[in-house]
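A look at the structure
Here is what each chain is made of, one letter per residue.
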Amino acid sequence: MRYRQLTTGTLALGVLLLVDVLRVWLPGIITIFGQAASTPAELMGAFALGWFVLAMGAPAVVRRIGARPVTVVAAVALAVARLALTAAPGGRTQLWLATAGLLAGLVWLVGVAADTDRPVPGLALGFAVNAAVHAVLDTVDLVWRGDGVAWLLSAVAVAVFLVGTARSGRRDGAGGTRTGPVDAPVGPADAAAGPGGGRAWLLAGPALLLAGMVALSPGLARTGMSYLFAGDGVARSPLFGLAPVPVAVAGFLGAALTRPPHGWGRAYGPVALLAGAVLFALDRGDLLLPAILLAAVGLGACLALTDDGNHPDSGTASAGTGASRRGYAVAAGMLVFALGAVGYYSAYDLGYPNAAVPVVVAVLIAAVAFTARPVVHRLPGPFPPLRAAAAVTALALLAPVLADEVPVASNRDGPPERLTVVAYNIRMGFGLDGRFDLTGLVEIVERQRPDVVLLSEVDRAWLLNGGHDTLDLLADRLGMPYVFGPAADPVWGDAVLSRWPVRDPRTLPLAAVGAPTGAQALAVTLDLGDGVRTAVVSTHLQPPPGKGPVVQARAVADFAIRYAAGRPLVVAGDLNTEPGDEAFAEFTNAGLVDALAAARPLATSPADDPRQQIDHIFVSPGLTPGEPVAPRGTASDHLPVAVTLTLPPG
């Protein structure tokens, strides 16, 4: 393999491994280092930012020791941490392994930047291949699978990365590799790593943020598809939910790897990126798909504008100065990634508006890209652009075929006599040990043999939580289609999964009354056959600081009664109120019955030592509850609650 191809491929693979580590480390900030409801968001943010600030010292280390030894040592540390995480140990061991892998990855990027003045092809391929693989794996990365195939593929990826890192030190006549201090005298062999590339390396972090949040997020793509035909502000199980992913990958790589237009035509990338970021910031499910596609093409085009190629004045600065600048540029860019991620997701704990964050990051990328000097004589890339884009797009095309499943609900013979209901706060799919634990969630739910499942804290694409579409994953494994109601934003909220057909979904946004995270009530009607209907309402109340969720409880009770219109009614979820509280009384005062009363006290939180009774199921008087339970398990920080309801005759 030619040197440029080897260097580009190794950079792309390293980006893939670093993103894998990030998908473990980012959720660990909430699920292991702290708890979103109790640990101050400021403390979690400081922990997250501290490691990126620490990495700002890496360019000085590279300058003193040399890029080559730093790159090799950091690459080995990143590879070891990535493999160790495949064992999914959970707990603080997992957090510190991921932290070590993150820091090693940041230092590795700085080392690579010192020797690479044309990173755009490698970065673009890394982002695109990561999105394609994430989609093919149905948004559950190899890190969380831990089976023999996951170990094999992880080991192969790590081995190829390390071999590429070792072999890229020999340039096959294309120039030497810097092994001494960066400010050492520059000989002819070192001139291949010129002073360019600083802008592209600066955009590595911001581009990674927008790619993971919007442009190349398979979870967001499927969520956007689920809103496409649902209407009424809700989302449903989609057909070919991952179909937008290959389109976004093709648009991104096609724009990133081809020569940008001249003159004002250069503005199309920045304009498209800004338009996509604004659509995403509007927090509307029906705008997610155009946001993704515009952001993908725009982000690729902006990266292409910073691809220095071969400037006629590339020799005006020393290679040593260029290497140092590139190191600081990539470290600063990754700090922007951390600031953007913390600034965006901390808003859900602190309560400030966060819509401006992706727009500001897009403005930064657009400004850096558009003000870059046009390339007069652009060197050809390491790979033919169309072939590279076609190959990665073909990989992404496997996702709708291999990873998309659509559970189907169908009427059985006549209406049932009983209906088993499970309500579960799933904490975005992460167990008490910080592992993404789909198996644990599915096992504890399936043991109840439910007809309908109501879920709280459902995350469908947050980069902070690894970019998983947890709802679709659970629906596939339970064999139950879903209806989703957005709460905090279009990808975080509550859901109803049912073995029976669902009609007339409606969602009611609830007043925040001082609570930082948004809340809603999702109402659906179960079609049980022969004209028998039962109304179901799923909600997650968010109490204001120091108070109970009285206002929201009253709104949900009133909405549910009106929606049911005399039909049997079930209201359930994480209500953040206990029996005897004023908010709890809002439901009983509305004429609803505590379906778990026979088993009181029935504590559900925290899951490993339950003391609080905050997860509930209320029913209308015509439904007779039986067998109320809160089965034990640690797949979430809550226990589920379940009850079997006998339907009224006729």
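For the structure given in this document, a descriptive report is provided here. (Residues numbered from 1 in each chain as written. Predicted model: local features only at pLDDT ≥ 70, side-chain atom pairs only at ≥ 80, totals over all residues. Heavy atoms only, no water.)

**Some points on the pairing of strand β3 (residues 452-459)**
In terms of burial, β3 is largely enclosed, as eight of its eight residues are buried. Considered for its hand, the β-α-β crossover made up of strand β2 (residues 418-425), helix α19 (residues 438-446) and β3 is right-handed. In the sheet, β3 pairs with strand β5 (residues 492-498) via six bridges, with the strands oriented antiparallel. Considered in β5, the bridge of Val458 is made with Gly493. (Buried < 20%, exposed > 50% of the residue type's maximum accessible area, 1.4 Å probe, protein only. Helix = DSSP H or I, 4+ residues; strand = E, 2+ residues; numbered from the N terminus. Right-handed = clockwise from strand over helix to strand, strands pointing away. Pairing = 2+ DSSP bridges.)

**Side note on helix α11 (residues 218-228)**
Taken across its 11 residues, α11 has 10 buried, putting it largely inside the fold. Residues of α11 that are buried include every one of Pro218, Gly219, Leu220, Ala221, Arg222, Thr223, Gly224, Met225, Ser226 and Tyr227, and no others.

**Brief notes about the packing of helix α14 (residues 288-305) against helix α17 (residues 356-370)**
Look at α14 against α17: their axes get within 8 Å of each other, and the N-to-C directions meet at 35°. Judged by the sense of rotation from one axis to the other, the crossing of α14 with α17 is left-handed. The segment α14 lies against α17, with Leu299, Cys302 and Leu305 engaging Ile365, Ala366, Ala369 and Phe370. (Axes fitted to C-alpha atoms, helices over the stretch in contact; angles between N-to-C directions. Left-handed = near helix turned anticlockwise from the far one by under 90°. Contact = heavy atoms within 4.5 Å.)

**Quick look at the packing of aromatic side chains**
Considering all chains together, one arrives at 21 aromatic pairs under this definition. Centre to centre, the rings of Phe587 and Phe618 are 4.8 Å apart; their planes meet at 15°, and the pair counts as stacked. Here the residue Phe587 occupies a position in helix α22 (residues 582-589), and Phe618 occupies one in strand β11 (residues 615-619), the gap between them amounting to 31 residues. The exposure class of Phe587 is buried, given its relative accessible area of 0%. On the accessibility criterion, Phe618 (0% relative accessible area) is buried. One aromatic cluster is present, built from ring pairs that chain together Trp25, Phe33, Phe47, Trp51, Phe52, Trp96 and Phe337. Over the face of the ring belonging to Phe370 we find Arg266, whose NZ or CZ atom lies 5.9 Å from the ring centre. The lysine or arginine in question, Arg460, covers the ring of Phe484, its NZ or CZ lying 5.2 Å from the ring centre. (Phe/Tyr/Trp six-rings, centres within 6.5 Å; stacked < 30°, edge-to-face > 60°. Lys NZ or Arg CZ within 6 Å of the ring centre and 35° of its normal.)

**Let's talk about the side chain of Thr7**
Relative to the helices and strands, Thr7 is located in helix α1 (residues 3-33). Accessibility expressed as a relative area gives 16% for Thr7, which makes it buried. Setting aside its immediate chain neighbours within four residues, Thr7 contacts Thr116 and Ser168.

**A closer look at the sheet that holds β3**
Overall, mixed pairing links the seven strands, which are arranged β1-β4-β5-β3-β2-β13-β12 in an open sheet. At either end of the open sheet lies a strand with only one pairing partner, and these are β1 (235-236) and β12 (624-629). By the bridge criterion, six bridges tie β2 to strand β13 (residues 641-646) in an arrangement that is antiparallel. Bridge pairing links Ala423 to Val641 in β13.

**Details of the side chain of Glu457**
Within the secondary structure, Glu457 sits in strand β3. Buried charged residue Glu457 carries no salt bridge. Nearest counter-charge: Arg427, at 6.2 Å. A polar side-chain atom of Glu457 sits 3.3 Å from a polar atom in the side chain of Asn425. Not counting chain neighbours up to four residues away, the residues in contact with Glu457 comprise Asn425, Ile426, Arg427, Met428, Trp492, Gly493, Asp494 and His540. (Lys, Arg positive; Asp, Glu negative; His and termini not counted. Salt bridge = Lys/Arg side-chain N within 4 Å of Asp/Glu carboxyl O. Polar contact = N/O pair within 3.5 Å; in protein donor to acceptor, adjacent residues only side chain to side chain.)

**Some words on the environment of Tyr348**
Along the chain, the position of Tyr348 falls in helix α16 (residues 347-350). Exposure remark for Tyr348: the relative accessible area of 8% places this residue in the buried category. Distance from Tyr348 to Tyr482, taken between C-alpha atoms, is 24 Å for residues 134 residues apart in sequence. Among all residues touching Tyr348, those that are not within four sequence positions of it are Asn354, Trp462, Ala488, Asp489, Pro516 and Thr517. A polar atom in the side chain of Tyr348 sits 2.6 Å from the side chain of Asp489.

**Considering helix α20 (residues 470-478)**
Burial runs high along α20: eight of the nine residues are buried. Elements that come into contact with the buried residues of α20 comprise α11, α19, β3, β4 (482-489) and β5. At the C-terminal side of α20, Gly479 shows a positive phi close to 70°.

**Concerning the pairing of β4**
With seven of eight residues buried, β4 is to be regarded as a mostly interior element. As paired elements, β1 and β4 share two bridges and run antiparallel to each other. Its bridge partner lying in β4, Arg236 is registered against Val483. Two strands pair when backbone bridges link them, and β4 and β5 are joined in this way by six bridges, in the antiparallel orientation. Counted as the bridge partner of Tyr482 is Leu497 from β5. Counted along the chain from β4 to the antiparallel partner β5, the turn is two residues long.

Without other data, these values stay purely geometric and don't point to any function.
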